[in-house]
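Inside the fold
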Amino acid sequence: GEKMWTNPLALFRRKERESEDTVRTVVSNLLYEHLKKKEQPNRQYKGNAVKTTKYTPWSFLIVNLWEQFHRVANIYFLGIVILNFIPVMNAFHPGVAIIPLCVILALTAIKDAWEDIRRFQTDRKLNNLPCLIYSRKTKSFEEKHWKDLHVGDFVKVLSNEVIPADILLLHTSDPNGVCHIETANLDGETNLKQRKVVPGFFNPVRNMAVHRHIFVCEKPNSDLNHFKGYIEKDDQNKTGFGVESLLLRGSTARNTDESAGIVVYAGHETKSMLNNSGPRYKRSKLERMMNSDVILCVLLLFGLCLVGAIGHSIWLETFQSIPQYFIPDNNGQYTSSILAGFYMFFTMIILLQVLIPISLYVSIELVKMGQVFFITQDIDLYDEKQDTRIQCRSFNITEDLGQIQYVFSDKTGTLTENKMVFRRCSVRGTEFSHAENGQECVCIHQTERCSVISSSVRRCAMPSAHSLPCRWLTDIWTRRGALNRDVAPDQKLQQVLRGASLAEDESGYYLDFFLALAICNTVVVSKAPAHRRKVSVLAVLVQHHRGRVRDTGNGRKLRSLKKYVGEDMTNICTDQGVVTPNPGQTQKTQLGCLVHYESQSPDEAALVHAAKAYGFTLAERTPDQVAVRLPSGQMLSFQVLDILAFDAKRKRMSVLVRHPHSREIVMYTKGADSAIMDLLEQPLLEKQVKCNTQQQLDQYARDGLRTLCFAKRVFTYAGEYEDWSKKRQEAISAIDQREQLLMDTTVFLETKFTLLGATGIEDRLQENVPETIQALREAGIQVWVLTGDKPETAVNIAYSCKLLDHRDLLFTLNAHNKAMCNSTLNNHLEEVKRYGPPERSEEIGLVIDGRTLGLVMDEDLRSKFVELCKHCRSVLCCRVTPLQKSEVVKLVRDKLGVMTLSIGDGANDVNMIRAADVGVGISGQEGMQAVMASDFAISRFKHLSKLLLVHGHWCYNRLSNMIVYFFYKNLAYVNLLFCYQFFCGFSGTAMIDHWIMIFFNLFFTSAPPIMFGIMDKTLSAETLLCMPVLYKSGQHSEGYKRRTFWIAMLDAFYQSLVCFFIPYWTYQGSDIDIFTFGTPINTASFFTITLHLAIEIQSWTVVHWVIMLGSVLVYFIMTLVFSALCVSCNPPANPYWIMQQQMNDPVFYLVCILTVAVALLPRYIVHALRGTNAESLHLWARKVDRLAPPERQQWIREWKSLWHPSVSGQTGRPTPPLSSDPISLEPDSPFSDRRL
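Residues numbered from 1 in each chain as written. Predicted model: local features only at pLDDT ≥ 70, side-chain atom pairs only at ≥ 80, totals over all residues. Heavy atoms only, no water.

1. Description of the overall build of the protein
Just so we agree on the cut-off: Comment: elements are numbered from the N terminus, with helices defined as DSSP H or I runs of at least four residues and strands as E runs of at least two. Three exposure classes are used, based on accessible area relative to the maximum for each residue type with a 1.4 Å probe and protein chains only: buried under 20%, partly exposed in between, and exposed over 50%. In what follows, a contact means two residues having at least one pair of non-hydrogen atoms within 4.5 Å.
Along the backbone of the protein there are 44 helices and 33 strands. Per-residue burial for the protein yields a buried fraction of 54% across its 1236 residues. Within the protein, counting contacts between residues at least 6 apart in sequence, those at least 24 apart form 74% of the total.

Right under this line is the structure:
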């Protein structure tokens, strides 16, 4: 009978009901163009228009005020204002009390409005970008805007265009069905990634059957690296797809004329938008401590207000009759003393509100912004090679840099360059050395190699290359890194390869080995467009040697170079091949030389270039085939059947191909030796090859090389692969447990290997890594290295970078089960106890592998492991997964309660970076994912020493001193008002004008502490770097402790008593009015608070003088102007002309000078006697810091010879420097009773 057509809309709705909670079901919109938007099948999914603004013109005022009053500080201000509007409680005029709140709300609203306007402009620009959407009516692609795009639309993307939504790729102009994308906007990686069309599709737009297909995929999520789903056709057959067929919104299409597909996620549901969660907020340790002291200030405020309320009630009870100036209420009744005291409690809160340092939070934000500015401007943290400076991505934890106790570091790319050099290889148990590899500035001219140098550059390798132009060309060639990937072939191995054949004999294994190097990878072979691949020789020469040309005074050298190179020679070969300006070059040249390798891993690039050096050139790669040119010039094109990608569990990857000659199915595999050796076949010959190769691998690891094993498997039974392929397709089409099903099919196939050989790749240490680690350890920072490398490789690098010392007692944890692990931990703990407490165990190191680390993470063993690690100065974790890295950081952070820092450069370090208190990313060879997840980003590991030891020390000391100063300043001023209450019946009266009180914190004393927090330096950068031990004060929070807080409060209380009672005793018995009495008190208090800060400033600069003197000028100018203009602003007692009268009275100056001198005398005496009992290390360092550079260096060398035993060759514990007195690590806190 006739087959009935099923309405896909009805089928779609049935599917939607069945799995609406687990998957997303999408159908094409082309069949429903005639329907309204509300009736279309994909109507429940979000459109592609993006809105990141928070407000609209109509909702701005209400929403913004609602947001601002979610902040406790603003609620506090609002409560004060409301209390001040109640007549029985007000202390100020209501109009005066509301001004601070209005100013704060208005400034914040203006800032929020400006930010939202910028977001609106960005959204509008993005939503109006053009895109091509297919229309069934016109049967063509029509140009529309991004905002017009919806889920289910068919979209075409041209080369170099930004992809507008998450699109399932169904068609490309490439005959191989591939498309290349650049995801730099998403993850920072500039390497091209290959995407392929869903199997079975070529031109879906013109194939109406596709419009009736149902596309089922997972619900929107933020994972950029995973995507799964299937297409269900009319015949109920399913075709699975994954992330290799997904074009991500925000990425750029490259090297493909056009690509088309169906939109599966749009707008805010795309992966890029789900990843755009904004900056993470972290609260620093100092801020958490400060919040507890703010609570103490609240309790202190309530205590003062309670005293005032009780005092007012007692004062009222002292009257035998009601005074005439008491005003009754409307009923003629007088307020009782108890009720009046209750009202006075709230009046006192209004009067003494400044005690709660709400302005401190605003000042801290300004200080941190200033600190970040100076950190980013540090020339020492600028990397000239990469043209990058340090990035501060979190503005609110700069002071945490000065309190770090544990550093967790990745190895590859963090401690090392991540620029791989092919060093050694072993084929079937026979080793071939490549010791001369990696030598830069050597031009090797070999006609056999494919990556030949063009004629103009080749002359530089000849004896006549001493001419200036050739030297310049050679210099540029070297600087561009071309020689870093050159491999000098081993002569013995070359001879073997010349006699090798494709036959299945021993020589055939050599060919298989290099074929595995060439094709068992994910390297993309691209023919980059001209604007991405051409390198202008003359332009580079002019840019690089412009200084030299200028020095000559003429352009003769440049003209001679241009003549030498040739007018038409505008391009030069890259390190992957030769780029020539001739557009009509042959296909042979394109396949042979004009290749551009895009690799996400430097290891894979090094292996591909090593194979290329021996003539095995990876010429082309598509989803279905891979082409390799042999040394004889013969081209082998393998049909790619499947790729089993690398993952951290298997620690290997495989590629299944069909051999072009034998038509056999061959699987080439590479991975860690632990992931390959146990899967080998076990004939007698294989056992000997395995034994020899394992010995060579162990030697490679001891030499610090990164090792890989290569193996292959030939499927002699054809049906074996077909049966496996069916199970594989079922796993790919699955939605539930897809990853586990894929893993099961992969593990099932990867067995019965034949070992081909092994490689050793060198990853050199970055410059100054040993010195940096040594400095961190001298600073009291424990350094851990977490790496995925073999223990032998990691230990070798650890010795090279001075993480471990040959004199250390080295413990190794390598257990196969929990019982064995527990026993080993107990034995090690018993042994370390003989070395004393953890702080004295400086000669113990620990090495643990990933398998054992998984065992010690058990609840029963965690405490023992942490206890053992406390006794170790260095810990090296090998063979660890990214998840284990983050678990280690969390374990140490939570169990020991220490400040942690994680540093890494790759995507596998992201979890570790996010788990630490401070995350540092390195912009290296593995993209920018670590940088994007970090709080601070640097380009070299050596920059970490100055970031912590200098900027961290400065930021912590500056901010801690400024916070304590704020508490002191507020209490010193508030206590003046409180003291006056004892002389006015606790009536809430102030002897200082309300406007002057507002100006005091807003203008007179606001700038100096901010300047103090941004620019003060206790010690120079040179001294801090030379004496890392000075960093230890911040680790123990010595700059800001509860004792420091209370000392500051007592000092403020004493100074306020002096500032009040000396003027009081001076004017006692006189007939001056209230504001005339308050003016010298206010002035003396201003100078006391300002000069108090001046005593604490350690490094005076022009900026310090300008701000300090400027504050004094602002005080007198504003008070004089206000006193002259305020005729009736505060009746009945007005401050009109009072300041002018006081400045004409000599007693005013005498009172101010005497008051300030007496108030600051104790602090001055403490400073003068500082260090007389026991000279602290900080005080000694500050004295040395004032010496001339040569003399200072000599003193520091002498100190190091005593403090650091490695300098003088001594052993044992260090002795105190230059003094028999005990050395104190007391910080530079201005309010510590043992200040330097």
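Once the structure has been displayed, the description carries forward.
2. Some points on the packing of helix 32 (residues 943-981) against helix 38 (residues 1074-1096)
Here is the rule: Angles shown run from 0 to 180 degrees and are taken between the N-to-C directions of axes, each axis being a line fitted to C-alpha atoms and, for helices, limited to the stretch in contact. Under this scheme an angle from 65 to 115 degrees is roughly perpendicular, one under 35 degrees roughly parallel, and one over 145 degrees roughly antiparallel; angles in between are oblique. For a crossing to be left-handed, the near helix must be turned anticlockwise from the far one by less than a right angle; the clockwise case is right-handed. Note on residue classes: Ala, Val, Leu, Ile, Met, Phe, Trp, Tyr, Cys and Pro are nonpolar, Asp, Glu, Lys and Arg are charged, and everything else, Gly too, is polar.
In contact at an axis separation of 11 Å, helix 32 and helix 38 are set at 160° when each is read in the N-to-C sense. In terms of their interaxial angle, helix 32 and helix 38 are classed as roughly antiparallel. In this structure, the crossing between helix 32 and helix 38 has a hand that is right-handed. From helix 32, Tyr965, Tyr968, Lys969, Ala972, Tyr973, Leu976 and Tyr980 reach across to helix 38, where they touch Ile1074, Phe1077, Ile1081, Asn1082, Ser1085, Thr1088, Ile1089, Thr1090, His1092 and Leu1093. Partitioned by chemical class, the residues of the contact of helix 32 with helix 38 number eleven nonpolar, five polar and one charged.

3. Some thoughts on empty space enclosed by the protein
Gaps left between atoms are located by rolling a probe of water-molecule size over the structure's atoms. Operational definition: Cavities and pockets are found on a 1 Å grid laid over the protein atoms alone: a cavity is a set of points where a 1.4 Å probe fits but cannot escape, a pocket is an open set with protein on both sides within 12 Å along at least five of seven lines, and a lining residue has an atom within 4 Å of such a point. Grid points are joined across faces, edges and corners, and a volume is the space filled by probe spheres set on the points.
One pass over the structure, following the stated rule, counts four cavities of 30 Å³ or more. Of the volumes computed, that of the second largest cavity is approximately 170 Å³. Counted by class, the lining of the second largest cavity contains nine nonpolar, five polar and one charged residues.

4. Brief notes about the UniProt feature "binding site: Mg(2+)" (unreviewed entry) in the protein
Note the following rule: UniProt positions are given in the numbering used here, feature names are shortened, and annotations may be inferred rather than shown by experiment. Counting of polar contacts relies on pairs of N or O atoms within 3.5 Å, with two restrictions inside protein: one atom must be capable of donating a hydrogen and the other of accepting it, and residues adjacent in sequence are counted only when both atoms are side-chain atoms.
Feature annotation in UniProt assigns "binding site: Mg(2+)" (unreviewed entry) to the following positions: Asp410, Thr412, Asp905 and Asp909. Across 500 residues of sequence, these annotated residues stay compact in space, with a maximum C-alpha separation of 10.6 Å. Secondary-structure assignment places Asp410 in the loop between strand 15 (406-409) and strand 16 (416-427). The class of Asp410 is buried, set by a relative accessible area of 5%. If we skip the residues at most four places from it in the chain, Asp410 touches Leu415, Leu786, Lys885, Ile903, Gly904, Asp905, Asp909 and Met912. A polar side-chain atom of Asp410 sits 3.2 Å from a polar atom in the side chain of Lys885.

5. Here's the deal with the pairing of strand 4 (residues 154-158)
The cut-off we apply is this: Two strands pair if DSSP finds at least two bridges between them.
Burial runs high along strand 4: four of the five residues are buried. Of the pairings in the sheet, the one linking strand 2 (residues 130-135) to strand 4 comprises two bridges and is antiparallel in character. Bridge pairing in strand 4 places Ile133 opposite Val155. Alignment of strand 4 against strand 13 (residues 258-265), held across five bridges, turns out to be antiparallel. Residue pairing for strand 13: Val155 is matched across the bridge by Gly261.

6. Notes on the environment of Met635
As for its placement among the helices and strands, Met635 is situated in strand 22 (residues 635-644). The class of Met635 is partly exposed, set by a relative accessible area of 28%. Distance from Met635 to Leu618, taken between C-alpha atoms, is 9.9 Å for residues 17 residues apart in sequence.

7. With respect to the pattern of salt bridges
Basically, it comes down to this: In what follows, salt bridge is the name for a side-chain nitrogen of Lys or Arg lying within 4 Å of a carboxyl oxygen of Asp or Glu.
Within the structure shown, the criterion is met by 40 salt bridges. The residue Glu417 makes a salt bridge to Arg940 at a minimum N-O spacing of 2.8 Å. Taken together, the residues span a long stretch of sequence, with Glu417 in strand 16 and Arg940 in the loop between strand 33 (936-938) and helix 32 at a distance of 523 residues. Owing to a relative accessible area of 9%, Arg940 belongs among the buried residues under this scheme. One salt bridge in this structure joins Arg650 and Glu750, with 2.7 Å as the shortest N-O distance. Of this pair, Arg650 sits in the loop between strand 22 and strand 23 (652-658) while Glu750 sits in the loop between helix 23 (738-749) and strand 26 (754-765), and the two are 100 residues apart along the sequence. You'll find Arg650 and Glu750 in the same group, each marked buried. What you see here is one network of salt bridges that share partners, running through Lys111, Asp112 and Glu115.

8. What about a nonpolar patch on the surface?
Cut-off, in case you're wondering: Exposure above 30% relative accessible area and no salt bridge define the residues that can form patches, which grow by joining like charges within 9 Å and nonpolar side chains of Val, Leu, Ile, Met, Phe, Trp and Tyr within 5 Å. Shrake-Rupley sampling with a 1.4 Å probe provides the accessible areas, and residues are treated as covered by the protein chains on show and by no other component.
A contiguous nonpolar surface patch, about 370 Å² in accessible area, is contributed by Val362, Leu366, Met369 and Phe395. Tracing the backbone through its elements, the reader meets Phe395 in the loop between strand 14 (391-392) and strand 15.

9. Focus: the nonpolar core
Defined as follows: Think of a nonpolar core as a cluster: buried Ala, Val, Leu, Ile, Met, Phe, Trp, Tyr and Cys residues, connected wherever their side-chain atoms sit within 4.5 Å.
Core analysis: the biggest nonpolar cluster contains 84 residues, and Leu351, Leu352, Ile963, Phe967 and Met991 have the highest contact counts within it. Considering each element in turn, this core owes the most residues, 18 residues, to helix 32. In this structure, Leu352 is in contact with Leu301, Leu304, Val974, Leu977 and Phe978, ignoring residues within four places of it in sequence.

10. Examining the sheet that holds strand 31 (residues 900-904)
Pairing in this open sheet of nine strands is mixed, and the strands run 14-33-32-31-15-27-30-29-28 from one edge to the other. Strands at the two margins of the open sheet, each flanked by one partner only, are strand 14 and strand 28 (809-813). With four bridges connecting them, strand 15 and strand 31 associate as parallel partners. Residue pairing for strand 31: Ser409 is matched across the bridge by Ile903.

11. Description of the sheet that holds strand 3 (residues 140-145)
Across the sheet, six strands lie side by side as 3-2-4-13-5-11; this open sheet has antiparallel pairing. A single partner strand is all that each edge strand has here, and the edge strands are strand 3 and strand 11 (246-247).

12. Some thoughts on the packing of aromatic side chains
One pair of aromatic rings is described through two measures. These are the centre distance and the angle between the planes. This is how it is decided: In this analysis, rings of Phe, Tyr and Trp, with Trp reduced to its six-membered ring, are considered paired at centre separations within 6.5 Å, and the interplanar angle assigns stacked below 30 degrees, edge-to-face beyond 60, and tilted for intermediate values. A positively charged side chain is recorded as over a ring if its NZ (Lys) or CZ (Arg) lies within 6 Å of the ring centre. The angle to the ring normal must also be within 35 degrees.
Evaluated as defined, the whole model comprises 53 aromatic pairs. Centroid distance Phe514 to Phe616: 5.4 Å. Interplanar angle 15°. Geometry classified as stacked. Here Phe514 is found in helix 13 (residues 506-519), whereas its partner Phe616 is found in the loop between helix 19 (602-613) and strand 20 (617-621), with 102 residues between them in sequence. Accessibility expressed as a relative area gives 0% for Phe514, which makes it buried. Three or more aromatic residues joined by ring pairs form one cluster here, namely Tyr973, Trp995, Phe999, Phe1000, Phe1003, Phe1004, Phe1086, Phe1087, Tyr1115, Phe1116 and Phe1122. The aromatic ring of Tyr45 is capped on one face by Arg24, whose charged end is 3.9 Å from the ring centroid. Here the guanidinium or amino end of Lys238 rests over the ring plane of Tyr230, the centre of that ring lying 4.4 Å away.

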